[in-house]
Amino acid sequence: MNRQRAQEISESPIMANVTYNNQPIYIQHVDEQNGTARIYPLDQPENEQEVSLNELREELH
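Just so we're clear, the structure is a prediction, and the values are computed from it rather than from any experiment.

Asks: Would you mind going over the sheet that holds strand 4 (residues 49-52) with me for this structure?
Replies: Each strand in a sheet pairs with another by means of backbone hydrogen bonds, the pair being arranged parallel or else antiparallel. Pairing is antiparallel in the open sheet, where five strands are placed in the order 4-3-2-1-5. Each edge of the sheet is formed by a strand with only one pairing partner; in this case those strands are strand 4 and strand 5 (56-58). Neighbour-to-neighbour, the strand axes of this sheet turn through a mean angle of 50°, independent of strand direction. The sheet contact formed by strand 2 (residues 23-31) and strand 3 (residues 36-41) spans six bridges and is antiparallel. Bridged to Ile25 within strand 3 is Pro41. Across the sheet, helix 1 (residues 3-11) touches strand 1 (18-20), strand 2 and strand 5, and the angle it forms with strand 2 is around 100°.

Asks: How should I be thinking about the nonpolar core in this particular structure?
Replies: Inside soluble globular proteins, nonpolar side chains tend to come together where they are buried. Grouped together as the largest cluster of nonpolar side chains are 14 residues, with contacts concentrated most on Met1, Val18, Ile25, Ile27, Ile39 and Leu56. Secondary structure elements with two or more residues in this core: helix 1, strand 1, strand 2 and strand 3. If you tally residues by element for this core, the top one is strand 2, at three residues. The contact partners of Ile27, leaving out residues within four places of it in the chain, are Met1, Ala6, Ile9, Ser10, Val18, Ala37, Arg38, Ile39 and Leu56.

Reading the values: rules and limits
Residues numbered from 1 in each chain as written. Predicted model: local features only at pLDDT ≥ 70, side-chain atom pairs only at ≥ 80, totals over all residues. Heavy atoms only, no water. Pairing = 2+ DSSP bridges. Helix = DSSP H or I, 4+ residues; strand = E, 2+ residues; numbered from the N terminus. Axes fitted to C-alpha atoms, helices over the stretch in contact; angles between N-to-C directions. Contact = heavy atoms within 4.5 Å. Core = buried A, V, L, I, M, F, W, Y, C linked by side-chain atoms within 4.5 Å. Buried < 20%, exposed > 50% of the residue type's maximum accessible area, 1.4 Å probe, protein only.

Printed below as a string of structure tokens:
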């Protein structure tokens with residue numbers, strides 16, 4: 001996923017369908033300099049992690 005789109009998703013009040021390892025996630029924050037995002041699985045908000053933007057996928061329906 002590109003940085004700009006990840007940033008738009010993280011700032012939007014509308015939930016986007018984004019996955020990490022085929023698991024639906026929420027993007028909390030995007031670190032543009034490092035190309036990473038702070039995420040957590042929708043069903044496990046306590047399980048925060050920092051991942052590469054390249055590993056995030058937006059599912060378009």
